[in-house]
Amino acid sequence: MASKYYPDYAGQVPLLLKLNSKTEIPPSDEAFSPCHATVEDAVRLGADAAAYTLYVGSPKQEEDFIQVGKVRRTATASACRS
């Protein structure tokens, strides 16, 4: 959606790209949101920030920590190249 609509507003409003999401509120035993966007997408779109929802304490938190760790490493590497 950001690729399609944000160019009309670039420079006028900040872009916060949400990297992971679900289309419904998950039950507590399924609280995990897969990534649908990447840090590279955020950089390509000129996003001011990227966001990630982490479900600490859920039964899927180990998967969540692995996923957010990859996101953080990519973001750090990307920032170092800037």
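In this text the structure is predicted, and so the values were computed from the model without any measurement. (Residues numbered from 1 in each chain as written. Predicted model: local features only at pLDDT ≥ 70, side-chain atom pairs only at ≥ 80, totals over all residues. Heavy atoms only, no water.)

S.K.: Account for the overall build of the chain, with residues named and values stated.
M.R.: The helix and strand tally for the chain stands at three helices and two strands. For the chain, buried positions account for 27% of its 82 residues. By element, 56% of the accessible surface of the chain is carried by carbon and sulfur atoms, the whole surface being about 5,900 Å². Across the chain, the mean location of the 9 positive side-chain charges is 5 Å away from that of the 10 negative side-chain charges. (Helix = DSSP H or I, 4+ residues; strand = E, 2+ residues; numbered from the N terminus. Buried < 20%, exposed > 50% of the residue type's maximum accessible area, 1.4 Å probe, protein only. Areas by Shrake-Rupley, 256 points an atom, 1.4 Å probe, with all protein chains shown as cover. Lys, Arg positive; Asp, Glu negative; His and termini not counted. Charge placed at Lys NZ, Arg CZ, Asp CG, Glu CD.)

S.K.: Hey, could you go over a nonpolar patch on the surface for me, with residue numbers and the actual values?
M.R.: Together, L54, V56 and F65 line one region of the surface with nonpolar side chains, adding up to about 260 Å² of accessible area. Position of V56 relative to the elements: it lies in the loop between strand 2 (49-51) and helix 3 (61-81). On the basis of relative accessibility, which here comes to 60%, the residue V56 falls in the exposed class. (Patch = residues over 30% accessible without salt bridge, like charges linked within 9 Å, V, L, I, M, F, W, Y side chains within 5 Å. Salt bridge = Lys/Arg side-chain N within 4 Å of Asp/Glu carboxyl O.)

S.K.: Give me the lowdown on the side chain of S58, citing residues and values where you can.
M.R.: Structurally, S58 is set in the loop between strand 2 and helix 3. A relative accessible area of 10% means that S58 is categorised as buried. There is a polar contact of 3.2 Å between the side chain of S58 and the backbone oxygen of A31. Reaching out from S58, the side chain makes a polar contact with the backbone oxygen of Y55 at a distance of 3.2 Å. Contact partners of S58, with chain neighbours within four places excluded, come to S28 and A31. (Polar contact = N/O pair within 3.5 Å; in protein donor to acceptor, adjacent residues only side chain to side chain. Contact = heavy atoms within 4.5 Å.)

S.K.: Account for helix 3, with residues named and values stated.
M.R.: Taking 1.5 Å of rise per residue, 21 residues should cover 30 Å, and helix 3 covers 30 Å from first to last C-alpha, within 8% of that figure. Of the positions making up helix 3, those classed as buried are D64, Q67, V68, G69, V71 and S78. The inward-facing, buried residues of helix 3 abut helix 2 (39-45). (Expected span 1.5 Å × (residues − 1).)

S.K.: Break down the pattern of salt bridges for me, citing the residues and quoting the values.
M.R.: A complete count under the given rule lists two salt bridges for this structure. For R44, the salt bridge identified is with D41, shortest N-O distance 3.2 Å. Taken together, the positions of R44 and D41, both in helix 2 and three residues apart, correspond to about one turn of that helix. Judged by its relative accessible area of 55%, R44 is exposed. Its relative accessible area of 22% is what places D41 among the partly exposed residues.

S.K.: Pulling in residues and values, what's your account of the side chain of S33?
M.R.: Secondary-structure assignment places S33 in the loop between strand 1 (16-18) and helix 2. Contact partners of S33, with chain neighbours within four places excluded, come to N20, S21, K22, Y52, Y55 and Q67.

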